[in-house]
Amino acid sequence: MRKLIVLSMITLDGVMQAQGGPGEDTSGDFKYGGWAAPYGDEVGGKVVQKELAQTVDYLLGRKTFDIWAAYWPHHAAIWPGISDGTKYVMSTTLKKSDPMRWKNTVVIESLADIKKLKNSEGSDIQVWGSSKLVQLLLKNDLVDELWLKIYPLILGEGKKLFDNGSFPASFKLIESTITTTGVIIANYKRAGKIETGTVGI
């Protein structure tokens, strides 16, 4: 079985939309594109470089795929692995017969396809962006690890990482650091069922 890892940059109120730039994703009249840019530093840069250096495959929603396909093939020197790794795109509108703009791209159409992929042999699978896809994975308890970068700001609008309907699950912190600009970088591993009790007893 392959490990499925969700990587996300989020605000304190869970927004993950368009952290990279103003024109990245303006859907819903989102006006804060590029909100992560002022928080870059050497500490965070080293973490990102480590993530980009891993040999993995990728599972992406259609919106994220379109954004990436327009950018990364022209900036392969920054992230060589993104072109070499297989990119599985969850879409019911992108036909398998359509000519791919990006090599190593495979279209999948359903939750059953994702489960089949997860149960196959191969490298870890990373999910970047893709808010609706991530929510589907969380709802069906398919996420093995969450690698989060939590930024010290509240936006009050935009696409969010978490939504009602996620499968109740506990996670264990396996790695963490704090950047000089206050970004909390925390990696969590699936740990089991929810346990409850009474505080103070």
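What comes next is a walk through the structure. (Residues numbered from 1 in each chain as written. Predicted model: local features only at pLDDT ≥ 70, side-chain atom pairs only at ≥ 80, totals over all residues. Heavy atoms only, no water.)

**Re the sheet that holds strand 5 (residues 125-128)**
In any sheet, the strands associate via hydrogen bonds between backbone groups, in a parallel or an antiparallel arrangement. Taken in spatial order, the eight strands of this open sheet run 4-3-2-5-1-6-8-7, and their pairing is mixed. Looking at strand neighbours, the two that pair on one side only are strand 4 (105-108) and strand 7 (170-178), the edges of this open sheet. On average, each strand axis in the sheet is tilted by 25° relative to the strand beside it, whichever way the strands run. Each of strand 2 (57-61), strand 3 (87-90), strand 4 and strand 5 touches helix 2 (residues 62-71); the most contacted strand, strand 2, lies at about 115° to it. Of the strands in this sheet, strand 1 (4-11), strand 2, strand 3 and strand 5 are in contact with helix 5 (residues 131-139), which crosses strand 2 at around 110°. (Pairing = 2+ DSSP bridges. Helix = DSSP H or I, 4+ residues; strand = E, 2+ residues; numbered from the N terminus. Axes fitted to C-alpha atoms, helices over the stretch in contact; angles between N-to-C directions. Contact = heavy atoms within 4.5 Å.)

**Topic: the nonpolar core**
Counting 22 residues, the largest nonpolar core has Val6, Leu59, Ile114, Val127 and Leu137 as its most contacted members. Looking at this core element by element, the count peaks at four residues for helix 5. Apart from the residues lying within four places of it in its own chain, the contact partners of Val127 are Leu4, Ile5, Val6, Leu7, Leu59, Leu133, Val134 and Leu137. Counting residues in hydrophobic clusters, the runner-up holds 18 residues, among them Ala69, Trp72, Ile82 and Trp147. (Core = buried A, V, L, I, M, F, W, Y, C linked by side-chain atoms within 4.5 Å. Buried < 20%, exposed > 50% of the residue type's maximum accessible area, 1.4 Å probe, protein only.)

**Remarks on the packing of aromatic side chains**
Using the criterion set out here, one finds ten aromatic pairs in the structure. For the ring pair Tyr71 and Trp72, a centre distance of 5.0 Å and an interplane angle of 90° mean the geometry is edge-to-face. For Trp72, a relative accessible area of 14% puts it in the buried group. Sitting above the plane of the Trp102 ring, Lys87 keeps its charged end 4.6 Å from the centroid. (Phe/Tyr/Trp six-rings, centres within 6.5 Å; stacked < 30°, edge-to-face > 60°. Lys NZ or Arg CZ within 6 Å of the ring centre and 35° of its normal.)

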